[in-house]
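Residues per chain are reported as follows:
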Amino acid sequence: MQNNNSVWHFFASVKLALTTLFLIATTSIIGTIIPQKESFDWYVSQYGSKTAQLFAVLDIPDMYNSWWFISLLFLLGFNLVICSIDRFPAVWKQVKADGLQVGPERVKKMSTQRGWHSESPASSNVQKITEILKKYGWQASKKQTGSDTILFSQKGSWTRTGVYLVHSSILIIFLGAIIGSLGGFKGFVSVPETMARDKVALYGSREIVELGFEVRCNSFSIEFYANGMVKEYTSSLTILENGRELFTRDIEVNSPLTYKGITFYQSSYEAYQDFVVTVVNTATGKRKSFVSAFQKQIDWPEENIRFGIINAKAKGQSIVSSKIWFTRNNGTPATQWLDDNVLTPLDGFSEEYQVNVKQMYATGLQVAKDPGVWWVYIGCGLMLFGLYVAFFMSHRRIWILVKDTGKGSEIVLSGSANKNRPGFETVFDKLASELEQS
Amino acid sequence: MDSSQLLGITTFTFLFASFLYISALVFRAETIGKVASGFTVVALFILTLGLGLRWIESYKLGIGHAPLTNMYESVVFFAWTIIIFYLGIEWKFKTRTIGAFALPIAFLAMAYASFAPLNRGINPLVPALQSNWLLAHVVTCFVGYAAFAIAAALGIMYLGKTSFGAGAREAQTKELLPPVSVLEDITHKTMIFGFIWLSAGIITGAIWANSAWGTYWSWDPKETWSLITWFVYAFTLHARYTRGIKGKTIAWLSIVGFIAVIFTYYGVNFLLAGLHSYGSG
Ligand code: HEM
C-alpha cells in the first residue's frame, strides 16, 4: 500500500514520531511539577487567579486526561499504524523471499563467503552438504541450472517482524487502556464489620454503582511489628448473592479479591467507638456476632444470655482489652477482662461459653473494574518479547553454490545476517570448516 | 564483621580502583589497568557478600526481605549492578578505558549511600511493599539504570574524543580511548540493553500497582518520570532512522537520558511528592 500522497508521507514518517515522542516527554513534566486534580480555588491560592484561569483553559489540573494530551497519544498511535502499513509489506516480502531466486553470480559476490575445491563429483557433494546442514538445523532447498547447483537455507526469517511486534504491542496497550476507561470504573466503599454493602461510590463524580451482589466484612484486623509499624491490614470478606453466602476470603494489601470482574483492594480503615462481640456456645457450637455500643446491654434470647462492655483499655487509638459483663438465665452476673480480639473462655460458666470482644472497624475497600487490564498485560508481554526478537534475534541465510567442473566441484559457501554479524560469522566459520573438511 | 563494614571497605576499594583506571588511561599503562580490574573484582565480591549479609541480618531481625527497600539499599544495589555491567563490557569488548568513568560512578553512589543523611537501618516493610513484585521491579529498573549510566559515560567519552582538534589525531592512534566507531557501537548496544530492562521495570511496576491499588497506571510523578525516561531512549533509538542525526547527537542524548534517570530515581523522591515512599527514609 505504498502511497505517494504527502499527507500519507507525513503520518508515516519517523520525523513525526520523533516530534510526538519529544512533545509527550516534555509536556509530561508539567503534571509532575504542578499538583494534579486539586480544586480551582487551590490553584488560585497557589498561583494567583490569572494563572489558575490559564491552567483551567489548558486543562493543566488534569493534564493527563486533557484533550490535548490524549490527542498526542492518539497521534503517536496513528503514526504507528500508518508507519507500519507503509513499511510492513516490504518487510514481509523479505520474510517470504525465496533465497533460490538469487543467482550464482550474487552468491559469489557476498561479503561473507568461503570457497574451496573438491575432488568428488557435484552430486555427492550436494548430498553430503545437505546432510551436514541438516545436522546443524539448516533445512536446505535446492535448485539446479546446468552445471550449477544452489542450496539455500535460512533461520529466523520471521524475526524481521520483531520491531512490528513491539509497535503493535503499544497499540494493544492503548486499546486496553481505552477498553478500561470505557467499560470500567474505580470507586470506594467503606464496610463496617458484620455489615454488607452492595453499592460503590465512584471517584471523581457523585455516581453510585450497583454491584449486583453484596460484600460483607466479617472482620478487620491490624497487625503490628515490634517497633509499632503496621505489618498488615487484613479484612475477611464474604460475597453474597440474593442473600446467599457464596464464599469467604481474607484480603490484604497486595492480595485483593475478584468477583464477576470487580476487584476489592484493601485500602484504608476506620475505627469506631463500638465493639464487635462474638459469643460461642462450645456445647452446641452455636455462634453469633453482635455490634455493641460501649456500656449498652445486648440480649441473645435463644441462649437466654445478656451482656455488655463496661470498661476498656486503649493504647493510642487502639483498644487493648475490654471488660465484659455477662449473665445467663438472669443468674448472677460475672465480669471479666478480655484481650482484644482473642477468643476466651468465660470463667464463671464452666467454659460453656467463649467470647471474643474486639474494637469495631470499618474496612475501606478500593473497588475497581477494568476489563482492559488483560489487553494491557498481553501488550506488555508482547512488547518484551518483541524487544528481545528485535534486538537479539536475526535472520540468517546461507547459500552454497556447487559447480560441476567435470573433474570435481567448485564450492562456494556464502551467507548473510540482518543483525549481530559477528555472531553470525562465528557460526558461519564453524560451518564452513566442517563442510570444507568433509 | 557486619554488612555495613563490608560496604565501607567496598567504597574505598572503588575509590582506589577509580584512581587505578584513571591512571591506566592517563599513563597508558596496561599493567595498572589489570591491577584495577583485579581490585574491582575483589570489591564486587566484598559488596556481594555485604548485600548477602544484610539480607541474612534482616532475617535475624525477623523481618526478612531482600536488601532493596529504601534509598540507602537501592543506591548500594545500583553500585552493584553498575560494576557487574561494567565488568561484563570490559570482558566482552576487551577495553578497560570505560572503567575510568564507570568506577567513579560506582564510588560516588557508594559514598553517597555511606555519608548522606539517609536511614541506613534495616526496617520492616509496610504492607504495600510486601510483594514479590517489589523484587522484580527494583531489580529490573536498576539493571536498566546501570546500563544507562554506562551509556552516558560512553557518551561523555565520545564527546571528549571527537572534540579533540586535528592536532590530537596522531596521538589518538596510540591513545587508549577506543575508536569512535567502537564507542558509538557500544553506546548503542548499551542503550538497547537498558531500554529492555527499563521497559520490564515499568511493566513490573505497573503490575504491582495494579495488585495493590487496582490501577496499573496513575500518572504519579515517579511513574511519569520513568515514562519520560523511556521516551527519551525510544526517541534515541529512532533518531538513527532519520538523516542528519549522528553520533554526536546520540552521545548527547545518552547524557540527557541519564539525567532523566537520575531525576526519576532521585529527584522525584526529594523534589516532588508521590506514591513511592523510598526517598523520605
Ligand atoms: C513509544 C513508542 C515506540 C516504541 C517503544 C518503539 C520501539 C521501536 C524499537 C525498539 C525499534 C527497533 C529500533 C532498532 O532496531 O534500533 C523501532 C524501530 C522503528 N520504529 Fe518504533 N517505536 C515507537 C514508536 C514509533 C512510531 C510512532 C513510529 C512511526 C513512524 C516508529 C517507527 C519505527 C521505524 C520506522 C523503525 C525502524 C524499523 C526497521 O528497522 O525497519 N516507531 N521502534
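Here is what the cut-offs are and how they apply
- Residues numbered from 1 in each chain as written.
- Chains lettered and ligands numbered in written order.
- Predicted model: local features only at pLDDT ≥ 70, side-chain atom pairs only at ≥ 80, totals over all residues.
- Heavy atoms only, no water.
- Helix = DSSP H or I, 4+ residues; strand = E, 2+ residues; numbered from the N terminus.
- Rg over C-alpha atoms; globule rule 2.2 N^0.38 Å.
- Buried < 20%, exposed > 50% of the residue type's maximum accessible area, 1.4 Å probe, protein only.
- Lys, Arg positive; Asp, Glu negative; His and termini not counted.
- Charge placed at Lys NZ, Arg CZ, Asp CG, Glu CD.
- Donors = N, O, S within 2.8 Å, 3.2 Å for Na, K, Ca; no water.
- Tetrahedral: all angles 85-135°; square planar, octahedral: opposite > 155°, others 65-115°.
- Near = heavy atom within 4 Å.
- Polar contact = N/O pair within 3.5 Å; in protein donor to acceptor, adjacent residues only side chain to side chain.
- Nonpolar A, V, L, I, M, F, W, Y, C, P; charged D, E, K, R; others polar.
- pLDDT = per-residue confidence, 0-100.
- Contact = heavy atoms within 4.5 Å.
- Salt bridge = Lys/Arg side-chain N within 4 Å of Asp/Glu carboxyl O.
- Pairing = 2+ DSSP bridges.
- Axes fitted to C-alpha atoms, helices over the stretch in contact; angles between N-to-C directions.
- Buried area = accessible area lost by both parts, 1.4 Å probe.

### Digging into the overall build of chain A
Broken down by element type, chain A carries ten helices and 19 strands. Scaling as 2.2 N^0.38, a compact globule of 438 residues should have a C-alpha radius of gyration of about 22 Å, whereas chain A reaches 37 Å, well beyond that. The principal-axis extents of the C-alpha atoms in chain A amount to approximately 120 × 65 × 45 Å. Burial analysis of chain A (438 residues in total) assigns 42% to the buried set. A distance of 10 Å separates the average location of the 44 positive side-chain charges in chain A from that of its 38 negative side-chain charges.

### Thoughts on the coordination of the iron atom of the ligand
Surrounding the iron atom of the ligand are the protein donor atoms H167 of chain A (NE2) and H238 of chain B (NE2), at 1.8 to 2.0 Å. For the iron atom of the ligand, the six donor atoms in the first shell make angles of 86 to 177° at the metal, so the coordination geometry reads as octahedral. Remark: H238 of chain B occurs in helix α8 (residues 221–239) and H167 of chain A occurs in helix α8 (residues 162–183); the pair is interchain, linking two chains. Taking relative accessible area as the criterion, H167 of chain A reaches 13% and is therefore assigned buried.

### What about the site of the ligand?
Surrounding the ligand, one finds 22 residues, the nearest of these being C83 and H167 of chain A together with H238, R240 and Y241 of chain B. One chain alone does not account for the residues near the ligand; they come from chains A and B. Within the side chain of H167 of chain A, one N or O atom sits 2.7 Å away from a nitrogen atom of the ligand. In the model, a nitrogen atom of the ligand is placed 2.6 Å from a nitrogen or oxygen of the H238 of chain B side chain. Listed by contribution, the elements that provide at least two residues to the shell around the ligand are α2 (14–33), α5 (67–96), α8 and α9 (373–392) of chain A together with α8 of chain B. Tallying contributions element by element places α5 of chain A first for the shell around the ligand, with five residues. Looking at the shell around the ligand, its residues break down into 16 nonpolar, four polar and two charged.

### Quick look at the confidence of the model for chain B
Residue and element names in this part refer to chain B. Per-residue pLDDT for chain B averages 85, and the proportion of residues at 70 or more is 91%. Of all helices and strands in chain B, the one with the weakest mean pLDDT is helix α6 (residues 168–174) (49), whereas α8 scores best (94). Ignoring residues within four places in sequence, the model shows residues 274–281, a span with pLDDT below 50, making 20 contacts including any to other chains. The complex prediction reports pTM at 0.86, with the ipTM value standing at 0.86.

### Things to note about the pattern of salt bridges
All names here are of chain A. All told, the structure shown has 13 salt bridges over all chains when counted by the stated rule. Measuring nitrogen to oxygen at the nearest pair gives 2.7 Å for the salt bridge that ties E434 to K135. Residue E434 is found in helix α10 (residues 421–437), and its partner K135 is found in helix α7 (residues 122–135); the two are separated by 299 residues along the sequence.

### Observations regarding the sheet that holds strand β2 (residues 141–145) of chain A
All names here are of chain A. Spatial strand order, β1-β19-β18-β3-β2: five strands in an open sheet with antiparallel pairing. Each edge of the open sheet carries a strand with a single partner, namely β1 (112–118) and β2. Strand-to-strand twist across the sheet, computed as the mean angle between neighbouring axes with direction ignored, equals 15°. Pairing of strand β18 (residues 396–404) with strand β19 (residues 409–417) involves nine bridges; the strand directions are antiparallel. Across the sheet, residue L401 finds its bridge partner in β19, namely V412. Against the sheet, α10 engages β1, β18 and β19, with an angle of about 5° to β1.

### What to know about the interface of chain B and chain A
Accessible area lost upon the coming together of the parts is a frequently used measure of interface size. Every contact between the two is made by 41 residues of chain B and, on the other side, 43 residues of chain A. Of the roughly 3,600 Å² buried between chain B and chain A on both sides combined, carbon and sulfur atoms contribute 73%. Remark: the boundary between chain B and chain A carries seven residue pairs in polar contact (both at pLDDT 80 or more). Of all the secondary structure elements, the ones that give two or more residues to the side of chain B that touches chain A are α7 (180–213) and α8 of chain B. By residue class, the composition of the side of chain B that touches chain A is 31 nonpolar, ten polar and no charged.

### What about the pairing of strand β14 (residues 318–328) of chain A?
Residues and elements named next belong to chain A. Bridge count between strand β13 (residues 305–315) and β14: ten bridges; the pairing is antiparallel. Within β14, the position partnered with N311 by the bridge is K323. Following β13, the chain reverses through two residues before pairing antiparallel with β14; G316 in that reversal takes a positive phi of roughly 65°. With six bridges connecting them, β14 and strand β15 (residues 334–339) associate as antiparallel partners. Note that in β15 the partner of W325 across the bridge is T335. Hairpin connection of β14 to β15: five residues between the antiparallel strands, including N329 at a positive phi of 50°.

### Quick word on the sheet that holds β13 of chain A
Strand pairing in a sheet relies on backbone hydrogen bonds. The paired strands run either parallel or antiparallel. All names here are of chain A. Strand order across the open sheet formed by four strands is β12-β13-β14-β15, with antiparallel pairing between neighbours. With partners counted over all chains shown, the strands left at the sheet margins are β12 (298–300) and β15, one partner each. Pairs of neighbouring strands in the sheet enclose a mean axial angle of 30°, with direction left out of account.

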